[in-house]
Amino acid sequence: MKLYTCSAGPYPRRILCYLAMKAIDGIELQEINIHDRAAMCRPEFLTISPAGSVPALLTDEGVSISQSTAIMEYLEEVYPDPPMYGRNEAERRRIDTQSQLINDVMAYRKMSVATTMPYLLPYQTIRAPEASLVCNALEWSRFEQMSIIMNRRTFLASDEPTIADIMLYTMLEYLRAVYDRFMPPHLHNLAEWYQRFRTLSPLEPYKLSGGYITSMSGGIVKERP
Ligand SMILES: N[C@@H](CCC(=O)N[C@@H](CS)C(=O)NCC(=O)O)C(=O)O
């Protein structure tokens, strides 16, 4: 199997964290430069990842899977131990619910940034600060929902870590490094969860590679020293 990845990207990092937590080491990794639009749009790459995004997995049977959650669900079939996509239907539905809320936060953040900052330049068409205010409120509400659904469980959807925990943790690392945004501290369930999960994360702490922000903004935003 081959994983097309980009170690600086929040979505590929989900898979890298998943592989490390499950101690899976038989997958070939190919690093992709996501700032090289021409390479991402080559027909050979688009047959593997029709959206031209990473992560993308090419299985030994030649099947391509190109969404991070779908990749982790597929890998669960191949590497079932320890289970990280729930032990029963109730857990799986909670994982799906939490995953959706996490993906919502990512989408609201992207929308907020795209309408207010010269970042993610290829996607930016209009300036609309009001859109950012709405996105911030929606983002906040998603964290509140996650905290309520978590209830008093040890992890986000279960008493064992699952792919939902991986998604939240890798997202928080990214939001902190790129946008200086932290998880709302008044959400005690999530704050306690964060302290628990960070001791389990096998990844080196997230560090932005030099040039990442400059590339994403088409050279307009200056790197922080
Ligand atoms: N929904 C996708 C999002 C993937 C995604 O946006 N990946 C980023 C890198 S972190 C990317 O490839 N961006 C390049 C682009 O979309 O043009 C997933 O869950 O895998």
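Let us look at the structure shown here.

## Quick word on the overall build of the chain
- Secondary structure assignment for the chain yields 9 helices and 4 strands.
- Taking 225 residues into account, the globule formula puts the C-alpha radius of gyration at 17 Å, and the chain, at 18 Å, falls close to it.
- Its C-alpha atoms give the chain principal-axis dimensions of about 45 × 45 × 30 Å.
- Sorting the 225 residues of the chain into buried and exposed places 47% on the buried side.
- Here the analysis covers contacts within the chain between residues at least 6 apart in sequence; of these, 68% occur between residues at least 24 apart.
- Per element, the accessible surface of the chain, about 11400 Å² overall, is 56% carbon and sulfur.
- Of the charged side chains in the chain, 23 are positive and 26 negative; the average position of the first set lies 7 Å away from that of the second.

## With respect to the pattern of salt bridges
- If you walk through the whole model with that rule in mind, you get 10 salt bridges.
- Ionic pairing is found between Lys22 and Glu76, a salt bridge with its closest N-O pair at 2.5 Å. Linking Lys22 in the loop between α1 (10-21) and β2 (28-31) with Glu76 in helix α4 (residues 68-78), this pair joins segments that are 54 residues apart in sequence.
- Look at Lys22 and you get buried, because its relative accessible area is 7%.
- Judged by relative accessible area, Glu76 falls into the buried class, the value being 10%.
- Among the ionic pairs, Asp104 bridges to Arg142, the shortest N-O distance being 2.8 Å. Of this pair, Asp104 sits in helix α5 (residues 89-116) while Arg142 sits in helix α6 (residues 129-150), placing them 38 residues apart in sequence. Judged on exposure class, the residue Asp104 and its partner Arg142 are both buried.
- When salt bridges that share partners are traced, they join Glu89, Arg92, Arg93 and Asp96 into one network.

## Here we look at the side chain of Arg142
- The buried category is assigned to Arg142, whose relative accessible area is 15%.
- Ignoring sequence-local partners within four residues, the contact set of Arg142 consists of Leu101, Asp104, Val105 and Tyr108.

## Regarding the nonpolar core
- Counting 61 residues, the largest nonpolar core has Tyr18, Leu75, Phe143, Leu168, Leu190 and Trp193 as the members making the most contacts within it.
- Tallying contributions element by element places helix α7 (residues 163-179) first for this core, with 13 residues.
- Excluding its chain neighbours within four sequence positions, the residues that come into contact with Leu168 are Ile102, Phe143, Met146, Leu156, Leu190 and Trp193.

About the thresholds
Position labels on residues start from 1 in each chain and follow its written sequence. Residues qualify for local features only when their pLDDT is at least 70, as the model is predicted, and side-chain atom pairs are given and counted only at 80 or more; totals for whole chains, interfaces and linings, by contrast, use all residues. Only hydrogens and water are set aside; all other atoms, that is, all heavy atoms of the structure, feed into the side-chain values. The helix count covers DSSP runs of H or I at least four residues long, the strand count covers runs of E at least two residues long, and both are numbered beginning at the N terminus. Only the C-alpha atoms count toward the radius of gyration. The rule for a globule is 2.2 Å times the residue count to the power 0.38. Throughout, exposure labels follow a simple rule: accessible area from a 1.4 Å probe, protein chains only, divided by the maximum for the residue type, with under 20% read as buried, over 50% as exposed, and the rest as partly exposed. Only heavy atoms enter the contact rule, under which two residues are in contact if any of them lie within 4.5 Å. Where accessible areas are quoted, they stem from the Shrake-Rupley method and a 1.4 Å probe; at the residue level, only the protein chains shown are allowed to cover. Positive residues here are Lys and Arg, negative ones are Asp and Glu, while His and the chain termini are left out of the count. Each charge is placed at NZ for Lys, CZ for Arg, CG for Asp and CD for Glu. We count a salt bridge whenever a side-chain nitrogen from Lys or Arg sits within 4 Å of a carboxyl oxygen from Asp or Glu. Take the buried Ala, Val, Leu, Ile, Met, Phe, Trp, Tyr and Cys residues and link them wherever side-chain atoms come within 4.5 Å; each set so joined is a nonpolar core.

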